[in-house]
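A look at the structure
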Amino acid sequence: MANDNELLNSARAPEPVGLYPHARRVGQLLFLSGVGPRQRGANKIPGVELDAHGSILSYDIAAQCHAVFQNVRYILEEAGSSWANLVDVTVFLTNMQDDFATYNRIYAEYFKENQPCRTTVEVNKLPTPIAIELKCIATIGGE
């Protein structure tokens, strides 16, 4: 049986860009660190075109949404939880005006059955050149 306070990392989700785990289990709750759309072992971010200096030239918010949702699923499953166990999702967007409608449509596809609490916030910038990041809380173990 797992500890009541355990650091968890996924072998499928992108490597963290700092000193933090993908998730931390505390009792029957699983707290995910911020999850972006990068893919494990790759520097390229889905749907993002960068210039020579690393500045964003263009990005595809739909591609990033699908990638970030997949990364969340990887972390949940490897930690012994599931998509259906998500209870709270905080979404950070870097461009609410241009991206919210697309993100909201795709979000509705993924969360049709399970409808966790949700907060969506616009931020000026994220630590890597991404347009979306999710912070999630899920239950783990028994329902």
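Report on the accompanying structure. (Residues numbered from 1 in each chain as written. Predicted model: local features only at pLDDT ≥ 70, side-chain atom pairs only at ≥ 80, totals over all residues. Heavy atoms only, no water.)

**Observations concerning the nonpolar core**
Judged by nonpolar contacts, the single largest core of 30 residues is most densely connected at Leu30, Leu32, Phe69, Val72, Ile132 and Leu134. Contributions of two or more residues to this core are made by strand S3 (29-32), helix H1 (61-78), strand S6 (86-93), helix H2 (96-110) and strand S8 (132-139). Beyond its immediate stretch of four places on either side in the chain, Leu134 contacts Ser33, Gly34, Val35, Val68, Phe69, Val72, Val89, Thr90 and Val91. (Core = buried A, V, L, I, M, F, W, Y, C linked by side-chain atoms within 4.5 Å. Buried < 20%, exposed > 50% of the residue type's maximum accessible area, 1.4 Å probe, protein only. Helix = DSSP H or I, 4+ residues; strand = E, 2+ residues; numbered from the N terminus. Contact = heavy atoms within 4.5 Å.)

**Structural notes on the packing of aromatic side chains**
Any aromatic ring pair is given by two values, namely how distant the centres are and how the planes are angled relative to each other. Scanning the entire structure with this criterion turns up nine aromatic pairs. For the pair Phe69 and Phe111, a centre-to-centre distance of 5.9 Å together with 90° between the ring planes defines the contact as edge-to-face. Here the residue Phe69 occupies a position in helix H1, and Phe111 occupies one in the loop between H2 and strand S7 (117-122), the gap between them amounting to 42 residues. On the accessibility criterion, Phe111 (4% relative accessible area) is buried. When the centroid spacing of 6.0 Å and the interplanar angle of 55° are considered together, the rings of Trp83 and Tyr110 count as tilted. Of the two residues, Trp83 sits in the loop between H1 and S6 while Tyr110 sits in helix H2, which places them 27 residues apart along the sequence. Residue Tyr110 is classed as partly exposed on the basis of its relative accessible area of 26%. Pairwise contacts between aromatic rings join Phe69, Trp83, Phe100, Tyr103, Tyr107, Tyr110 and Phe111 into one cluster. Its end group placed over the ring of Trp83, Arg73 keeps NZ or CZ at 4.6 Å from the ring centre. Taking NZ or CZ as reference, Arg118 lies 4.5 Å from the ring centre of Tyr107, over its face. (Phe/Tyr/Trp six-rings, centres within 6.5 Å; stacked < 30°, edge-to-face > 60°. Lys NZ or Arg CZ within 6 Å of the ring centre and 35° of its normal.)

**Some details on the sheet that holds S6**
Taken in spatial order, the six strands line up as S1-S2-S3-S8-S6-S7 in an open sheet, and their pairing is mixed. The open sheet is flanked by strand S1 (5-8) and S7, the only strands paired with a single partner. Between one strand axis and the next, the sheet turns by 15° as a mean value, whatever way the strands run. As judged from the three bridges shared by S3 and S8, these two strands associate in the antiparallel manner. In the strand pairing of S8, Leu30 is matched with Ala138. With respect to the sheet, H1 is in contact with strand S2 (23-26), S3, S6 and S8, its orientation differing from that of S8 by roughly 30°. Packed onto the sheet, H2 meets S6, S7 and S8 and runs at close to 160° relative to S7. (Pairing = 2+ DSSP bridges. Axes fitted to C-alpha atoms, helices over the stretch in contact; angles between N-to-C directions.)

**With respect to the pattern of salt bridges**
Per the stated rule, a full pass over the model turns up three salt bridges. In this structure, Arg12 engages Glu77 in a salt bridge whose closest nitrogen and oxygen atoms are separated by 3.3 Å. In this pair, Arg12 sits in the loop between S1 and S2 while Glu77 sits in helix H1, placing the two residues 65 residues apart along the sequence. Where Glu78 meets Arg12, a salt bridge forms, and the shortest distance between an N and an O atom there is 3.1 Å. Residue Glu78 is located in helix H1, and its partner Arg12 is located in the loop between S1 and S2; the two are separated by 66 residues in the primary sequence. Taking the relative accessible area as the measure of exposure, Glu78 reaches 37% and is therefore partly exposed. The network of salt bridges with shared partners includes Arg12, Glu77 and Glu78. (Salt bridge = Lys/Arg side-chain N within 4 Å of Asp/Glu carboxyl O.)

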